[in-house]
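For reference, the chains in residue letters:
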Amino acid sequence: MARQVIFFICVVLAIAGLVHASDPDILFDYIVPPNVTVLDGNFFTYTKIQGFFDGSNLTDTKSMLASMAEFPALNGQSVSLSFLRLGPGGVSAPHTRPHATGLFFVLSGRFEVGFVDSTNKLYTQTLETGDMFIFPKGLVHYQYNADGKVPAVAVAAFGSASASSVSIPGSLFGTSIEDVVLAKSFKTDVTTIRKLKAGLGNKI
């Protein structure tokens, strides 16, 4: 798996030199936050992804993001990464990344993926180990592990240092949008909306 990660990162770095990312260009080599008083190799190093591969239960669903918020050295560099592990039957619910295109690379297992474009056309694909798939910036997309026994693991690279995501279930049912508005929007009743909210609970 380590070789696959290294290969993928090399591909991402090569592509990054050829495409224009969504982040603005900076006039310096890098940006140092005001609270950093010692500038050395530690500032340019991020080690917390190691925890993604730690633990006794490596079949649970888990994700880790290394963006500007977690790794300040990425500020101005127009790149970030995330790791995703979906347990058997696990799903990464429909979401968007408003600031970044995503390049999704499967490290192990199989993913069912898809995105919806601005014409409401759905594009889907089944990805095997070693496959890559692109999620265009700002479009609703998802990942699903249909295998009932084996986890699926992937790494995604983003053309922005700020690759925050917006959960569709969370933004609709986890905020203070009035139930009547949601009911009318989904052409149902308030009781159904409240049942959906109750079923989602703290999962959104």
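These numbers were taken from a predicted model, which means no experiment stands behind them.

### Let's talk about the sheet that holds strand E5 (residues 111–116)
With respect to topology, 5 strands assemble into an open sheet ordered E6-E5-E8-E3-E10, the strand pairing being antiparallel. Looking at strand neighbours, the two that pair on one side only are strand E6 (122–127) and strand E10 (166–167), the edges of this open sheet. As defined by bridge partners, E5 adjoins E6 across 6 bridges and the pair is classed as antiparallel. Residue pairing in the sheet places Phe 111 in a bridge with Leu 127 of E6.

### As for a nonpolar patch on the surface
Residues Tyr 30, Val 32, Leu 39 and Phe 44 make up a contiguous nonpolar surface patch of roughly 330 Å² in combined accessible area. Within the element layout of this structure, Tyr 30 appears in the loop between helix H1 (2–16) and strand E1 (62–66).

### Points about the sheet that holds E1
Pairing in this open sheet of 5 strands is antiparallel, and the strands run E1-E2-E9-E4-E7 from one edge to the other. Pairing within the sheet leaves two strands with one partner each, and these edge strands are E1 and strand E7 (132–135). Strand-to-strand twist in this sheet, taken as the mean axis angle between neighbours without regard to direction, amounts to 20°. Two strands pair when backbone bridges link them, and E1 and strand E2 (residues 80–86) are joined in this way by 5 bridges, in the antiparallel orientation. Its bridge partner being in E2, Ser 63 is matched across the sheet by Leu 84.

### Some thoughts on helix H4 (residues 190–200)
Note that an α-helix has 3.6 residues per turn; residues three or four places apart therefore point the same way. Its side-chain oxygen 3.2 Å from the backbone nitrogen of Thr 191, Asp 189 forms the N-cap of H4. In the segment just after H4, Gly 201 is the residue with positive phi, at about 50°.

### Looking at the packing of aromatic side chains
If you walk through the whole model with that rule in mind, you get 10 aromatic pairs. Seen in terms of ring centroids, Tyr 46 and Phe 71 are 5.1 Å apart; in terms of plane orientation they differ by 25°. Their pairing is stacked. Highlighted residues: Tyr 46 in the loop between H1 and E1 and Phe 71 in the loop between E1 and E2, separated in sequence by 25 residues. In this structure Phe 71 comes out as buried when scored by relative accessible area, which is 13%. Ring centres of Phe 52 and Phe 83 lie 5.6 Å apart, and the angle between their planes is 45°; this geometry places the pair in the tilted category. Of this pair, Phe 52 sits in the loop between H1 and E1 while Phe 83 sits in strand E2; the two residues are 31 residues apart in sequence, bridging distant segments of the chain.

### With respect to the nonpolar core
Of all hydrophobic cores here, the largest spans 17 residues; its most connected members are Phe 104, Phe 111, Val 113, Leu 127, Phe 133 and Phe 135. Mapped onto this core, the elements with two or more residues apiece are E2, strand E4 (102–108), E5, E7 and strand E9 (152–158). In this structure, Ile 49, Met 64, Leu 107 and Val 155 belong to the second largest nonpolar core, which totals 9 residues.

### Description of the environment of Phe 111
Topologically, Phe 111 is positioned in strand E5. The buried category is assigned to Phe 111, whose relative accessible area is 0%. The spacing of Phe 111 and Ala 154 is 43 residues in sequence and 8.8 Å in space, taken between C-alpha atoms. Beyond its immediate stretch of four places on either side in the chain, Phe 111 contacts Leu 84, Leu 86, Phe 104, Val 106, Gln 125, Thr 126, Leu 127, Gln 143, Tyr 144, Ala 152, Val 153 and Ala 154.

### Observations concerning unusual backbone geometry
A positive phi is found at Ser 78, a non-glycine position, where the angle reads about 60°. When you line up the elements, Ser 78 lands in the loop between E1 and E2. With a phi angle near 70°, Asn 120 is a residue other than glycine that sits in the positive phi range. Turning to its location among the elements, Asn 120 is positioned in the loop between E5 and E6.

Conventions adopted
- Residues numbered from 1 in each chain as written.
- Predicted model: local features only at pLDDT ≥ 70, side-chain atom pairs only at ≥ 80, totals over all residues.
- Heavy atoms only, no water.
- Pairing = 2+ DSSP bridges.
- Helix = DSSP H or I, 4+ residues; strand = E, 2+ residues; numbered from the N terminus.
- Patch = residues over 30% accessible without salt bridge, like charges linked within 9 Å, V, L, I, M, F, W, Y side chains within 5 Å.
- Areas by Shrake-Rupley, 256 points an atom, 1.4 Å probe, with all protein chains shown as cover.
- Salt bridge = Lys/Arg side-chain N within 4 Å of Asp/Glu carboxyl O.
- Axes fitted to C-alpha atoms, helices over the stretch in contact; angles between N-to-C directions.
- Polar contact = N/O pair within 3.5 Å; in protein donor to acceptor, adjacent residues only side chain to side chain.
- Phe/Tyr/Trp six-rings, centres within 6.5 Å; stacked < 30°, edge-to-face > 60°.
- Buried < 20%, exposed > 50% of the residue type's maximum accessible area, 1.4 Å probe, protein only.
- Core = buried A, V, L, I, M, F, W, Y, C linked by side-chain atoms within 4.5 Å.
- Contact = heavy atoms within 4.5 Å.

Any functional reading would require information that these geometric values do not contain.
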